[in-house]
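# Architecture at a glance
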Amino acid sequence: MRKLIHLSDLHFGRIDKRRVQPLLDAIKNIKPDLVVISGDLTQRATKEEFMEAKKFIEDIKFPTFIVPGNHDISLYNIFTRMFAPFRNYKKYISNDLDPLYVDKEIALIGINSVNRFNLTSGRISKKQIKEIGAHIKGLNPALIKIAVCHHPFDIPPVTKEHPHIHKVVARSKMAIKNLAQHKVDIFLSGHLHVHYITDTTIRYKIKGYKGLLIQAGTAISNRERGEPVSFNVLNIDGNNLTIDHYAGNFTDSYFTNMQSEKFLHTGEGWVKQQK
Ligand SMILES: [Fe+2]
Ligand SMILES: [Fe+2]
């Protein structure tokens with residue numbers, strides 16, 4: 001049994017401060033094995049914002065697994081953006097941009113999808129996918145494999161109102177095709193600031209493969225896109241997965257479990273269970 005909290009798009013620099021302590025309290029009550037943060041820790045990648053993000057991560061008091069987002073590299077300083085884009089991220093958060101975590105039940109594979117040549121959209125390189133494939137090959141096949149990538153692999157219809165973000169990560173087809181061969185079970189993403197659960201069969205037709213695509217909303221920022229701030233909790237118990245969707249009211253600061261969805265891992269991938 002493993003319990004993961006999936007946070008995304010914290011955006012220190014644009015947070016609603018009233019939401020920080022309630023989120024830390026919620027994490028403390030849930031007692032996760034691991035807290036995943038799928039990018040956009042800051043708004044403008046400044047030293048001050050990264051120091052705030054670092055303090056928040058220290059206050060979590062549970063192990064964390066983090067990948068960067070497009071807001072975690074400098075927007076205005078073109079020199080830094082081109083030649084040392086992750087300088088502050090590496091200094092305050094982690095040197096490892098494509099982290100890997102393995103225990104006896106799960107494996108997490110971090111994919112850095114930030115593209116310094118594009119302010120918003122992300123991309124995945126062939127080299128990254130090759131390296132990830134090599135890592136996964138050496139793993140126990142019985143592990144539940146979870147890829148973590150800031151940019152999404154599918155998009156909810158609601159983001160049509162925000163055309164600049166209504167895009168999947170570049171080379172997503174190539175990435176999913178390869179990761180399907182390695183039987184990656186779950187993909188955790190952010191970027192859209194919208195909660196969404198779907199699976200790979202809608203956009204990618206790969207015979208005999210169905211991975212779950214899970215989007216977390218923004219956890220504490222004031223950059224909501226038409227829905228409350230939120231985060232997800234994944235309870236993984238062998239072939240059983242329950243995803244709890246915690247949301248905070250627009251004006252209040254607390255977080256409540258609004259909805260639980262259950263899935264069973266079968267030979268053909270994840271099947272949603274009726275309540
Ligand atoms: Fe974001
Ligand atoms: Fe983003």
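One structure accompanies this document, and this report is about it. (Residues numbered from 1 in each chain as written. Chains lettered and ligands numbered in written order. Predicted model: local features only at pLDDT ≥ 70, side-chain atom pairs only at ≥ 80, totals over all residues. Heavy atoms only, no water.)

Further remarks concern the coordination of the iron ion (ligand 2). Summarising the metal site, the iron ion (ligand 2) is bound by the protein donors D40 (OD), N70 (OD1), H150 (NE2) and H191 (ND1), whose distances to it range over 2.1 to 2.2 Å. One can describe the site at the iron ion (ligand 2) as irregular: its four donor atoms subtend angles covering 88 to 158° at the metal. When the donors of the iron ion (ligand 2) are listed by position in the chain, the intervening gaps give D-x29-N-x79-H-x40-H. For the pair the iron ion (ligand 2) and the iron ion (ligand 1), the metal-to-metal distance amounts to 3.4 Å, and D40 bridges them. Of this pair, D40 sits in the loop between strand 2 (34-38) and helix 2 (47-60) while H150 sits in the loop between strand 6 (144-149) and helix 6 (172-181), placing them 110 residues apart in sequence. (Donors = N, O, S within 2.8 Å, 3.2 Å for Na, K, Ca; no water. Tetrahedral: all angles 85-135°; square planar, octahedral: opposite > 155°, others 65-115°. Helix = DSSP H or I, 4+ residues; strand = E, 2+ residues; numbered from the N terminus.)

Our focus in this paragraph is the sheet that holds strand 3 (residues 64-67). The strand order across the open sheet formed by seven strands is 3-2-1-10-11-12-13, and the pairing between neighbours is mixed. Looking along the sheet, the strands with just one partner apiece sit at the ends: strand 3 and strand 13 (269-273). On average, adjacent strands in this sheet sit at an angle of 25° to one another, irrespective of strand direction. Inspection of the sheet shows strand 1 (residues 2-7) paired to strand 2 by four bridges, in the parallel sense. (Pairing = 2+ DSSP bridges. Axes fitted to C-alpha atoms, helices over the stretch in contact; angles between N-to-C directions.)

Attention shifts here to the coordination of the iron ion (ligand 1). Taken together, the protein donors to the iron ion (ligand 1) comprise D9 (OD), H11 (NE2), D40 (OD) and H193 (NE2), at separations of 2.0 to 2.2 Å. For the iron ion (ligand 1), the four donor atoms are set out with angles of 87 to 175° between them, so the coordination reads as irregular. Read N to C, the donor residues that coordinate the iron ion (ligand 1) are spaced as D-x1-H-x28-D-x152-H. A residue is classified by how much of its surface remains accessible, and H193, at 2% relative accessible area, is buried. (Buried < 20%, exposed > 50% of the residue type's maximum accessible area, 1.4 Å probe, protein only.)

Turning next to a positive patch on the surface. A cluster of like positive charges, contributed by R116, R123, K126 and R171, occupies part of the molecular surface. On the secondary structure map, R171 appears in the loop between strand 6 and helix 6. Accessibility expressed as a relative area gives 41% for R171, which makes it partly exposed. (Patch = residues over 30% accessible without salt bridge, like charges linked within 9 Å, V, L, I, M, F, W, Y side chains within 5 Å. Areas by Shrake-Rupley, 256 points an atom, 1.4 Å probe, with all protein chains shown as cover. Salt bridge = Lys/Arg side-chain N within 4 Å of Asp/Glu carboxyl O. Lys, Arg positive; Asp, Glu negative; His and termini not counted. Charge placed at Lys NZ, Arg CZ, Asp CG, Glu CD.)

Bringing the nonpolar core into the picture now. Core analysis: the biggest nonpolar cluster contains 35 residues, and L7, F56 and F231 have the highest contact counts within it. Mapped onto this core, the elements with two or more residues apiece are strand 1, helix 1 (20-30), strand 2, helix 2, helix 4 (87-92) and strand 10 (230-237). Setting aside residues no more than four positions away along its own chain, L7 makes contact with L23, I27, V35, V36, I37, S38, F56, A219 and F231. Ranked by size, the runner-up nonpolar core spans 28 residues in total, among them I136, I165, V168 and V184. (Core = buried A, V, L, I, M, F, W, Y, C linked by side-chain atoms within 4.5 Å. Contact = heavy atoms within 4.5 Å.)

Another point: the environment of N178. Note on placement: N178 falls in helix 6. Accessibility expressed as a relative area gives 29% for N178, which makes it partly exposed. Distance from N178 to L264, taken between C-alpha atoms, is 23 Å for residues 86 residues apart in sequence.

Each aromatic ring pair is specified by the distance between its two centres and by the angle formed by the two planes. Within this structure, the stated rule accounts for six aromatic pairs. Ring centres of F50 and Y89 lie 6.2 Å apart, and the angle between their planes is 85°; this geometry places the pair in the edge-to-face category. A residue pair is termed long-range when its members are at least 10 positions apart, and F50 in helix 2 and Y89 in helix 4 qualify at 39 residues. Under the relative-accessibility criterion, F50 is labelled buried at 0%. For Y89, a relative accessible area of 0% corresponds to the buried category. Both rings, one in F231 and one in Y246, keep their centres 5.0 Å apart while their planes meet at 10°; by these two values the pair is stacked. Taken together, the positions of F231 in strand 10 and Y246 in strand 11 (residues 240-248) put the pair 15 residues apart, joining distant regions of the chain. Taken individually, F231 and Y246 each receive the classification buried, so the pair is uniform in this respect. (Phe/Tyr/Trp six-rings, centres within 6.5 Å; stacked < 30°, edge-to-face > 60°.)

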